[in-house]
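Now for the letters of each chain:
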Amino acid sequence: MGEAKRKAKLGVAASPCRGCTYCCTLPEILALDKPMYRPCGYIAAQASGAPGCGLFGAPERPGTCRAYECAYLTAQRTSHPDRRRIPHPLDAGAYFHKDPLENALVVFVDPDRPLAWKSSALVEIFRSASVAGMPLVIFDRGRRMTIRTPRHYEEILRRDMVAFADAQGMPREIASFEAERAPQPSATSSGSAIP
Ligand code: SF4
Ligand code: SF4
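Throughout this description, residue numbers start from 1 for each chain and increase along the sequence as written. Chain letters start at A and ligand numbers start at 1, both assigned in the order the entries are written. Local features in a predicted model are, by the rule used here, given only for residues with pLDDT of at least 70; side-chain atom pairs are given and counted only at 80 or more, and totals for whole chains, interfaces and linings are based on all residues.

A. Region of interest: the site of ligand 2. To decide whether a residue is near a molecule or strand, its C-beta atom is placed from the backbone and checked for lying within 6 Å of it. Taken together, the neighbourhood of ligand 2 is formed by C24, I29, C40, Y42, I43, C53, L55, R61, P62 and C65. Only Asp, Glu, Lys and Arg are considered charged, only Ala, Val, Leu, Ile, Met, Phe, Trp, Tyr, Cys and Pro nonpolar, and every remaining residue, Gly among them, polar. In terms of residue class, the shell around ligand 2 is made up of nine nonpolar, no polar and one charged.

B. Inspection of the pairing of strand β5 (residues 136-140) at higher detail. For β5, the tally of buried residues reaches four of five residues, placing the bulk of the element in the interior. Chirality of the crossover, the property in question, places the unit of strand β4 (residues 104-109), helix α5 (residues 122-131) and β5 among those that are right-handed. Two elements, β5 and strand β6 (residues 143-147), share five bridges in a ladder whose sense is antiparallel. The residue of β6 that forms the bridge with V137 is T146. Hairpin geometry of β5 and β6 is characterised by an intervening segment of two residues between the two adjacent antiparallel strands and by a positive phi of about 50 degrees at R141. Counting other C-beta atoms within 10 Å of a residue's C-beta gives its exposure: the residue is buried at 20 or more, exposed at 12 or fewer, and partly exposed in between, where C-beta atoms are placed from the backbone. Strands here mean DSSP runs of E at least two residues long; helices mean DSSP runs of H or I at least four residues long; both are numbered from the N terminus. Orienting the strands away from the viewer, one traces the path from the first strand over the helix to the second; a clockwise path indicates a right-handed crossover. Paired strands are those between which DSSP finds at least two bridges.

C. Seen up close, the sheet that holds β5. An order of β3-β4-β5-β6 is seen for the four strands of this open sheet, with the pairing classed as mixed. Edge positions in the sheet fall to β3 (94-99) and β6, since each has one partner strand and no second. On average, each strand axis in the sheet is tilted by 20 degrees relative to the strand beside it, whichever way the strands run. With six bridges connecting them, β3 and β4 associate as antiparallel partners. The residue bridging K98 from the neighbouring strand is L105, located in β4. Working convention: axes come from line fits to C-alpha atoms, limited for helices to the stretch in contact. Angles between N-to-C directions cover 0 to 180 degrees.

D. Just the site of ligand 1, in detail. Taken together, C17, C20, T21, Y22, C23, E69, C70, Y72, L73, P89 and Y95 form the complete shell of residues around ligand 1. In the shell around ligand 1, the residues fall into nine nonpolar, one polar and one charged.

E. Quick look at the packing of α5 against helix α6 (residues 150-158). For the pair α5 and α6, the least separation of the axes is 9 Å and the interaxial angle reads 155 degrees. As the angle between them shows, α5 and α6 are arranged roughly antiparallel. The segment α5 lies against α6, with V123, F126, R127, S130 and V131 engaging P150, Y153 and L157. Broken down by class, the residue content of the contact of α5 with α6 amounts to six nonpolar, one polar and one charged. Oblique is the label for every angle not falling under 35 degrees (roughly parallel), over 145 degrees (roughly antiparallel), or within 65 to 115 degrees (roughly perpendicular). By the convention adopted here, residues are in contact when the distance between their C-beta atoms, placed from the backbone, does not exceed 7 Å.

F. Examining the environment of C20 more closely. Within the element layout of this structure, C20 appears in the loop between α1 (3-10) and β1 (43-45). The exposure class assigned to C20 is buried, which follows from the 22 C-beta atoms found within 10 Å.

G. The arrangement of the environment of A165 in detail. In this structure, A165 sits in helix α7 (residues 161-167). A165 sits 22 residues away from R143 along the chain, and the two C-alpha atoms are 9.2 Å apart.

H. Focus on the nonpolar core. Joined through C-beta atoms within 7 Å, a set of buried Ala, Val, Leu, Ile, Met, Phe, Trp, Tyr and Cys residues constitutes a nonpolar core. Counting 25 residues, the largest nonpolar core has A94, F96, V107, F108, V109 and L136 as its most contacted members. For this core, the secondary structure elements donating two or more residues are α3 (71-77), β3, β4, α5 and β5. If one sorts the elements of this core by residue count, β4 sits on top with four residues. F108 has contacts with Y22, L26, P27, A94, Y95 and F139, leaving out every residue within four places of it along the chain.

Written out as structure tokens, the structure reads:
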């Protein structure tokens, strides 16, 4: 049973993820032995046709997946005042959450649209956080940037630091970026939940 049908049966509203799978693709998920940038093998088409979690509601679904929400989803679920301010991740080309341990905003950027967030409402959200002293940790095209000052943030907005580093031949911090972005064999690998 797909996610939408399961939710309908449980009387739960359809997911506001709207087919987004960023948090199932971009971060490392240790419980699934999944490196950064590799799509989780359990991503599967739902009843609506949109991709979603093929393990939704199943006991095998890792606890980290059950517990995770990006800031957009949390704002929608809790009717937070920021729910109209935080753009949907697919609209912004990036998603984020607040890391309570690091007391930082952690941002994952879609490597296929790496500059999209710079013309989205995320710019002002991150600027406000930076001015308030909140560090930003941005994962972008295999690089991890920690931004601790508003001045550094404005510099990041002005310049494509990743392109600059690439042009300088600087090695990426996240080795899995190249491997996972390489063209994949067309045949579906065994064990994948993707139909
Ligand atoms: S990043 Fe947010 S909107 Fe996208 S799949 Fe994850 S929780 Fe849903
Ligand atoms: S198990 Fe489901 S929620 Fe977790 S990463 Fe895979 S598809 Fe996403």
